[in-house]
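# Descriptive analysis of the structure
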Amino acid sequence: MPLSVRENFMRCVTGGEPEFVPRYYFGPDPYATLPPQCTSVMCSAFGRKKSARGYTQDMWGIEYIGTEDTGGQELPVPGEFMLDDIRNWRDVVKAPDLSDIDWEKMAKKDIESMPLNPAEAAVMGSGTGGYFMLHMNLMGFTNGLISYYEEPDEVKAMYAYFHEFYSKVNEKFMEYYPVDIFTVGDDTATATNPFISPEMYREFIKPFVMEDTKIARDRGLPIMMHNCGRCEDSIDDWIDFGVNSWNPAQVVNDLEGIKAKYGNKMVLIGCWDSHGPVAWDTCTEELMRSEVKRVIDTFGKGGGFMFWGSTYGPPDHQPLINRRKWMTSEYEARRFDPYK
């Protein structure tokens, strides 16, 4: 009997060879004939909300703004940062109060609000946030990066504070939420190089993530890393704390070399040039279909790959609609090709 889309997704993410190339895509695709293969769940108490100024605001109090052209992706409001001196973080950075949360009631509501049935799609999630990006969002990149050099002990103390909060949330999250894949994420790289050296990553960030992910390792759950940019220098460190899949695995990394080195030990999710010609309004149907085929043919053999094509822009923009239609159609037509 053929595997369900959920079973196929889980077989791939746990290092097995799937029956067809899974697709990493949240929610329904209006152009798809296949049901969605994965979904996510989060604690609603910590979701972003509207600030008094009309921006979105995260649980730490940081305000964000996004644009249609980036598909709604958000950045901290330019030029306005909560923390200007790392030595003052204790006065400024306040973790949310957990004492009044009814976890069982919240989880029940959050699970009922999920767009997909957990029995039909692989569920990803965790209560863990990042360290590097939260630090940069609080201070901005200039002051944030300088603080590593000027006040390393204060940076570590602030990270320990983040970790204390994340640990409490993770324990409750794993108790009350249905999780197939534990997720962690931190955008520690530019398109050309990491923001900080591998040695600094191991000194400042890795010890905390090792602790954050222990709760998943102890349960035998696969762990998925989200990290944009050319971050391949950290793959061995991720493997140390249990990561076995990575999104969005962008083309600025040596993806073919990574595939050859790690095989199914590190599932590559993406391998898609989201900034190249297939993302432009001039993209033709022939170009889009040929690129979907090339990516699946290149990375699908033997498993260790999930398709995640992405293209952005205003949602009602006809060239964007065309690109998404062609992409979905070609993925569905080609998903079995590597395993024939």
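Residues numbered from 1 in each chain as written. Predicted model: local features only at pLDDT ≥ 70, side-chain atom pairs only at ≥ 80, totals over all residues. Heavy atoms only, no water.

### Considering the overall build of the chain
The helix and strand inventory of the chain stands at 11 helices and 11 strands. Taken over the C-alpha trace, the chain has a radius of gyration of 20 Å; the compact-globule value for 340 residues is 20 Å, and the two agree within 12%. The principal-axis extents of the C-alpha atoms in the chain amount to approximately 60 × 40 × 40 Å. Within the chain, contacts between residues separated by at least 24 positions form 67% of all contacts whose residues are at least 6 apart in sequence. Per element, the accessible surface of the chain, about 16000 Å² overall, is 52% carbon and sulfur. Averaged over its 35 positive side-chain charges, the chain has a centre that lies 4 Å from the centre of its 52 negative ones. (Helix = DSSP H or I, 4+ residues; strand = E, 2+ residues; numbered from the N terminus. Rg over C-alpha atoms; globule rule 2.2 N^0.38 Å. Contact = heavy atoms within 4.5 Å. Areas by Shrake-Rupley, 256 points an atom, 1.4 Å probe, with all protein chains shown as cover. Lys, Arg positive; Asp, Glu negative; His and termini not counted. Charge placed at Lys NZ, Arg CZ, Asp CG, Glu CD.)

### Considering the environment of valine 278
With respect to the helices and strands, valine 278 occurs in the loop between β10 (267–270) and α10 (285–299). Note: C-alpha distance between valine 278 and phenylalanine 165 (113 residues apart in sequence) is 41 Å.

### Quick word on the packing of aromatic side chains
In the structure shown here, the tally under the stated rule is 24 aromatic pairs. For the ring pair tryptophan 89 and tyrosine 161, a centre distance of 5.4 Å and an interplane angle of 50° mean the geometry is tilted. With tryptophan 89 in helix α2 (residues 89–92) and tyrosine 161 in helix α6 (residues 152–176), this pair connects stretches of sequence that are 72 residues apart. Ring plane angle 45° and centroid distance 6.3 Å describe the contact between tyrosine 131 and phenylalanine 162, whose orientation is recorded as tilted. With tyrosine 131 in the loop between β6 (122–125) and α4 (132–139) and phenylalanine 162 in helix α6, this residue pair connects regions lying 31 residues apart in the sequence. Here the two residues tyrosine 131 and phenylalanine 162 agree in accessibility, since each one is buried. Taken together, the ring pairs in this structure connect Phe46, Trp60, Trp103, Tyr131, Tyr159, Phe162, Phe165, Tyr166 and Phe208 into an aromatic cluster. Over the ring of tyrosine 25 we find arginine 23; its NZ or CZ atom is 4.4 Å from the centre of that ring. The side chain of arginine 335 reaches across the aromatic face of phenylalanine 20, ending 5.4 Å from its centre. (Phe/Tyr/Trp six-rings, centres within 6.5 Å; stacked < 30°, edge-to-face > 60°. Buried < 20%, exposed > 50% of the residue type's maximum accessible area, 1.4 Å probe, protein only. Lys NZ or Arg CZ within 6 Å of the ring centre and 35° of its normal.)

### With respect to unusual backbone geometry
With an omega of 5°, the peptide bond running from asparagine 247 to proline 248 counts as cis. Mapped onto the elements, proline 248 comes out in the loop between β9 (243–247) and α9 (255–262). Positive phi values are uncommon outside glycine, yet alanine 249 reaches one of about 40°. By the secondary structure assignment, alanine 249 is in the loop between β9 and α9. In this structure, cysteine 271 is a non-glycine residue whose phi angle is positive, near 60°. Looking at the secondary structure, you find cysteine 271 in the loop between β10 and α10.

### Thoughts on the nonpolar core
Formed by 81 residues in total, the largest nonpolar core has its most connected members in Tyr148, Tyr159, Phe162, Trp238 and Trp246. When sequence neighbours within four positions are dropped, the list of residues in contact with tryptophan 246 reads Met225, Asn227, Cys231, Ile235, Trp238, Asn253, Leu255, Ile258, Met266, Val267, Leu268 and Ile269. Tyr24, Cys38, Ala122 and Met224 belong to the second largest nonpolar core, which has 14 residues in total. (Core = buried A, V, L, I, M, F, W, Y, C linked by side-chain atoms within 4.5 Å.)

### A short note on the sheet that holds strand β11 (residues 305–307)
Reading across the sheet, the seven strands line up as β1-β6-β7-β8-β9-β10-β11 and stay open at both edges, with parallel pairing between neighbours. Each edge of the open sheet is held by one strand with a lone partner, namely β1 (38–40) and β11. Taken pair by pair, the neighbouring strands of this sheet meet at an average axis angle of 25°, ignoring direction. Where β1 lies against β6, three bridges are found, and the strand directions are parallel. If you follow threonine 39 over to β6, its bridge partner there is valine 123. (Pairing = 2+ DSSP bridges. Axes fitted to C-alpha atoms, helices over the stretch in contact; angles between N-to-C directions.)

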